[in-house]
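Secondary and tertiary structure notes
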Amino acid sequence: MQRRSFLGSMIAGLAVPALIGRASAQSAPGQPLPIPALMDVGDEAGNRIDAIVGRRSFFEGAETRVLGWSQDYLGPTLRMQRGRGARIIAGNRLEQGITAHWHGLHVPGWQDGGPHSVIAPGRHLEQTLEIDQPAGTYWYHSHVHGRTGEQVYHGLAGLLIIEDPEAPEPGLPLDYGIDDIPLIVQDRWFSRAGELRYDDDGMALMQGFRGDRILVNGALSPVARVPAGLVRLRLLNGSNSRVYRFRFEDGRAFHQVATDAGLLPAPLRRSEVQLAPAERAEIVVDFASGRPARLVSVDVPVAMMGRGMMGGGGMMGGMMGGGSGASEDGAAFEVARFEIDEGLTPKAMALPTTLAGAPRPNLEEPVRRRSFRLNMMMGMGMMGAMFGGKPELGINGKTYQMDRIDQQLRLGETELWEISADMMAHPFHVHGTSFQVVSRNGRAVSYAESGLKDVVWVDGTAEILIRFDRPARSDAPYMYHCHILEHEDAGMMGQFTVS
Ligand code: C2O
Ligand code: CU
Ligand code: CU
């Protein structure tokens, strides 16, 4: 057997826990969906989030040690206004360094909260972010090199909403927590005693770490009470590595209205939406019929059939096609349930046909092209993993190094980046801007993928048009990386300046 196929079968055969929370196994009534507290962050003093250790009861009778931002597990939803400063203090009450990375925000490198901007234990960082980008659903999380996976897994993440007071009103539900509902979807693995288990070594690293239970806003398979009208769901895949394909169990259609970084020009009717780690989508669901709904997902295989390692289908291809772990039988698993609350007066009843205020990407002709190859096959990488070592992953043959600047970019110049994946599909993310995906695997992208993004799913090759309007110096450069957090921590990341 050639080495490549052998390694391929390793990825395909990785043992990952099967999901317990399958749709069929759900009979106990779920707990109510927690809605993260809303923190309006303007330019006045007093907005503060602190990384803390907490204990949370995910199961009856068990307490779990978690991290969170000013709460046990996750953090408040930060709401910021375009055209205004957002003044925020991020404090650290842990015994390890953290950062506060504003994922998707167009802020200069020194405010981006990347790996160079560590907040030491007992310290805090005060910043005023100048918000100038389209309204949308973003997020924040710690980003310490080598520990991002572990820290986010334990809870150092939260949602971030940008509103644009100058943009025309799109006519979408906007009552936070009532008909505009955040859904932070994560998979977690608990020990018998109820503690969170995490492993970023060897095999878990290669495919990315996966859990066997689904949390939404920190609750296991929760139930949301919604009005009998239109409801906007802001979906964030906050998992370390799991890719979801969300749909409703009864097959009902919904409309997607936004991608990672802003509204689509018009709502798109669909019945499923796929999100890789860190991707967001806003969807609008019509509950006017009064029928409850169950949001489910199936897994999306991450190993690429017939690409790189497999060289075609055959027996090995068949193995790959089975996907991995939870998706082995392709069964849908439950994410959350929705029930109608007659006490809530529905406000939005009709979806607009076009979404006023949708951003118009104005990326010009690219002045240059760059390519990025995401590598699983660095030196003894995969072999090291087999023997319990810590393999190095990389991009363009180099593993991430904090003291090496990989590219120097010019402010305001549009570039075309071609990203290609080795062996597995990877969600590629870039800091400091939003981009437009122009093609995937040589084909123009669908309407659903045409909106502004900051993560692109690369299951072969993808081309993006990208431009930076904020600077980043060498002491706090911007990052690009795979958002499978175990891959990022193992070095599938690079950094660049913009001047
Ligand atoms: Cu969501 Cu570099 O991060
Ligand atoms: Cu980011
Ligand atoms: Cu990856």
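Relevant structure appears above.
Keep in mind that this is a model prediction, so the values were computed, not measured.

**Some remarks on the coordination of the copper ion (ligand 3)**
Each pair of donors in an ideal four-coordinate tetrahedral metal site encloses 109.5 degrees, whereas pairs in an ideal six-coordinate octahedral site enclose 90 or 180 degrees. Protein-derived coordination of the copper ion (ligand 3) comes from His 426 (ND1), Cys 482 (SG) and His 487 (ND1), at a distance range of 2.0 to 2.1 Å. Positions of the donor residues of the copper ion (ligand 3) along the chain correspond to the pattern H-x55-C-x4-H. Of this pair, His 426 sits in strand 26 (residues 426-430) while Cys 482 sits in strand 31 (residues 478-482), placing them 56 residues apart in sequence. One exposure class covers both His 426 and Cys 482, and it is buried.

**Describing the coordination of the copper ion (ligand 2)**
Of the protein atoms, only His 101 (NE2) and His 429 (NE2) coordinate the copper ion (ligand 2), at distances of 2.0 Å. Here His 101 is found in strand 6 (residues 101-103), whereas its partner His 429 is found in strand 26, with 328 residues between them in sequence.

**Quick look at the sheet that holds strand 30 (residues 461-466)**
Strand order across the open sheet formed by six strands is 23-22-25-30-27-28, with mixed pairing between neighbours. Sheet topology places strand 23 (394-395) and strand 28 (443-444) at the edges, where each strand pairs with a single neighbour. Where strand 22 (residues 368-375) lies against strand 23, two bridges are found, and the strand directions are antiparallel. Pairing of Asn 375 across the sheet is with Gly 394, part of strand 23.

**Considering the nonpolar core**
Nonpolar side chains in soluble globular proteins generally cluster together in the buried interior. Counting residues in hydrophobic clusters, the biggest one holds 39 residues, and the most contacted among them are Trp 417, Phe 428 and Val 430. Among the secondary structure elements, those contributing two or more residues to this core are helix 3 (202-207), strand 22, strand 25 (415-421), strand 26, strand 29 (455-458), strand 30, strand 31 and strand 32 (493-498). Excluding anything up to four places from it in sequence, Trp 417 contacts Arg 370, Phe 372, Leu 409, Phe 428, Val 430, Ala 462, Glu 463, Ile 464, Ile 466, Phe 468, Tyr 480 and Phe 496. By size, the runner-up hydrophobic cluster in this structure holds 29 residues, among which are Leu 183, Val 273, Phe 287 and Ala 293.

**Things to note about unusual backbone geometry**
Within the chain, Leu 74 stands out as a residue other than glycine whose phi angle is a positive 55°. A positive phi angle, close to 35°, is found at Ser 221, a residue other than glycine. Within the fold, Ser 221 resides in the loop between strand 12 (219-220) and strand 13 (223-226).

**Observations regarding the pairing of strand 10 (residues 180-188)**
When a strand is regular, its side chains alternate between the sheet's two faces. Among the nine residues that make up strand 10, nine are buried, leaving the element largely enclosed by the rest of the structure. Covered by surrounding structure in strand 10 are Asp 180, Pro 182, Ile 184, Gln 186 and Arg 188 together with Ile 181, Leu 183, Val 185 and Asp 187, the residues of both alternating faces. With six bridges connecting them, strand 10 and strand 14 (residues 230-237) associate as parallel partners. Bridging across to strand 14, Val 185 finds its partner in Asn 237. Bridge analysis of strand 10 against strand 11 (residues 213-216) gives four bridges, and the strand direction is antiparallel. Bridging across to strand 11, Asp 187 finds its partner in Ile 214.

Conventions used here
Residues numbered from 1 in each chain as written. Chains lettered and ligands numbered in written order. Predicted model: local features only at pLDDT ≥ 70, side-chain atom pairs only at ≥ 80, totals over all residues. Heavy atoms only, no water. Donors = N, O, S within 2.8 Å, 3.2 Å for Na, K, Ca; no water. Helix = DSSP H or I, 4+ residues; strand = E, 2+ residues; numbered from the N terminus. Buried < 20%, exposed > 50% of the residue type's maximum accessible area, 1.4 Å probe, protein only. Pairing = 2+ DSSP bridges. Core = buried A, V, L, I, M, F, W, Y, C linked by side-chain atoms within 4.5 Å. Contact = heavy atoms within 4.5 Å.

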